[in-house]
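So you can see what is in the structure, the chains are spelled out below.
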Amino acid sequence: MRLNRRFVMALAGGGLLAACEPADHGGVLTACDVHRDGYPTVEAVKWLGQRLSEQTQGRLTIRNYPSGQLGVEDDTIALAQSGVIDMCRVNAASLNNAFPLTQVVCMPFGIEDDAHLHRVLDGAIGQEILNSFANRGLIGLAAYDAGGRCFYNTHRPIVQPSDLKGLKIRVPQSDVFIDAVAAMGANPTPLGVGAVYSALQSRLIDGAENNWPTFDSSRHVEVAHYWSNTRHSYSPEFLLMSAKSFARLSTTDQATLRELAKASVQVMRQNWARFEAESRDRALKAGTKMVDVDRATFKQACEPVNRARLTHPDVARLFAAVRAMV
Ligand code: BDP
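Parameters and conventions
Residues numbered from 1 in each chain as written. Predicted model: local features only at pLDDT ≥ 70, side-chain atom pairs only at ≥ 80, totals over all residues. Heavy atoms only, no water. Pairing = 2+ DSSP bridges. Helix = DSSP H or I, 4+ residues; strand = E, 2+ residues; numbered from the N terminus. Axes fitted to C-alpha atoms, helices over the stretch in contact; angles between N-to-C directions. Buried < 20%, exposed > 50% of the residue type's maximum accessible area, 1.4 Å probe, protein only. Polar contact = N/O pair within 3.5 Å; in protein donor to acceptor, adjacent residues only side chain to side chain. Contact = heavy atoms within 4.5 Å. Near = heavy atom within 4 Å. Nonpolar A, V, L, I, M, F, W, Y, C, P; charged D, E, K, R; others polar. Arc of directions from axis to C-beta.

**Observations concerning the sheet that holds strand 11 (residues 289–291)**
Taken in spatial order, the 6 strands make up an open sheet running 7-6-8-5-9-11, and their pairing is mixed. If you trace the sheet from one side to the other, it starts and ends with strand 7 (187–190) and strand 11, each paired once. Across the sheet, the mean angle from the axis of one strand to that of its neighbour is 35°, orientation sign disregarded. Sheet analysis places strand 6 (residues 168–171) next to strand 8 (residues 207–210), joined by 2 bridges and oriented parallel. If you follow Ile169 over to strand 8, its bridge partner there is Gly207.

**A word on the side chain of Asn210**
Assignment of secondary structure puts Asn210 in strand 8. Look at Asn210 and you get buried, because its relative accessible area is 5%. Here Thr214 takes part through its side chain, which lies 3.4 Å from a polar atom of the side chain of Asn210. If near-sequence neighbours (up to four positions away) are discounted, Asn210 is found in contact with Gly148, Arg149, Cys150, Tyr152, Arg170, Val193 and Trp227.

**Topic: the site of the ligand**
Neighbouring residues of the ligand: 13 residues in total, closest His35, Glu73, Arg170, Asn210 and Glu237. Asn210 is positioned such that a nitrogen or oxygen atom in its side chain is 2.7 Å from an oxygen atom of the ligand. The separation between an oxygen atom of the ligand and a polar side-chain atom of Asn211 is 3.2 Å. Across the shell around the ligand, the residue classes tally to 3 nonpolar, 5 polar and 5 charged.

**Describing unusual backbone geometry**
With a phi close to 65°, Phe109 is a non-glycine residue in the positive phi region. Mapped onto the elements of the fold, Phe109 is located in the loop between strand 3 (87–91) and helix 5 (114–122). Overall, Phe109 belongs to the buried group, its relative accessible area being 5%. Located in the positive-phi region is Arg231, a residue other than glycine, with phi close to 45°. Its location among the elements puts Arg231 in strand 9 (residues 226–233).

**Here we look at helix 7 (residues 175–183)**
Here helix 7 has its buried residues at Val176, Phe177, Ala180 and Val181. When helix 7 is viewed along its axis, its buried side chains cluster within an angular range of 115° and face the same direction. Of the surrounding elements, those touching the buried residues of helix 7 are strand 5 (149–153), strand 6, strand 7, strand 8, strand 9 and helix 12 (295–309). One side-chain oxygen of the residue at the start of helix 7 lies 3.2 Å from the amide nitrogen of Val176, identifying that residue as Ser174. Following helix 7 by one or two positions, Gly185 has its phi on the positive side, about 120°.

**What to know about the sheet that holds strand 4 (residues 138–144)**
Spatially, 3 strands are ordered 3-10-4 in an open sheet, and the strand pairing comes out antiparallel. Of all the strands in the sheet, just strand 3 and strand 4 have a single pairing partner and so form its edges. Neighbouring strand axes in the sheet, compared pairwise and without regard to direction, differ in orientation by 25° on average. Alignment of strand 3 against strand 10 (residues 237–242), held across 5 bridges, turns out to be antiparallel. Note that in strand 10 the partner of Asn91 across the bridge is Glu237. Where helix 4 (residues 73–81) meets the sheet, its contacts fall on strand 3, strand 4 and strand 10, and the angle it forms with strand 3 comes to roughly 145°. Across the sheet, helix 11 (residues 251–285) lies against strand 3, strand 4 and strand 10, angled at about 25° from strand 4, the strand it touches most.

On their own, these measurements won't tell you what the molecule is for.
Laid out in structure tokens, this is it:
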């Protein structure tokens, strides 16, 4: 983390805005991700960068900083808003508090499966969410899959909400997740995803909730052996661009970038399906004890959490539309 801050400070001190200025920097757009190289979100942005470079005859390229090199997602969102970096790929959960429309794709048990999520993201609802980032200095370029999030812990199999009682479960910095995990019976503990491995190891937390790929690639699989198939949220990933950096591009380059970002969604989906299955198989082979749960009781426990969000008229309107697409 200290290194990340040093890096950012160096950018800030060393003419960081020049670093974002395509003309001064050979058109290098900086992007970041908390995941490592090879993870489907990182690969999708790499694919996007290669096509962008081809289509602009090398004028524009993307330099990606994976593995959380630029800090936790909350920090990278702020860096993109201020134009210190050009792009960030973050999960919708990190956006829930500042961008309420993102809540409609995170609210517990709101999305049923990948196909339902695709229908929502590919249509008017997805577009409205992407457009909403412009309210606070960001351009929504793409929304990527993240699969179903499930609980995993170091103590015991969780099959019903009462099994979560007394467990400290790490959650992203999102009121939706904090409230949902509390409603399901656990003690929610917000932390950056990069801190989860050591927090599990040191018993600061008892578990977390995430998808198979994060469980496997962030090595949580080594310390938490009980996995419960709750699939309580399909919270997707977003690729966002700094509105300041976007405004510096010509309208033709803006259109090219938007089009390629859209195309990268399909590339990512194909990679994702394979990567998710491989991650799950690897985790099961490594000894993870997977249990199916009574999803109806978890869903019921979360109803007040979702009801409380419906006081926001746009969230209420979009959430009703999401449910109508089941
Ligand atoms: C993963 C997302 C990542 C989030 C992480 C989290 O891919 O962007 O940072 O969850 O829970 O699934 O914080």
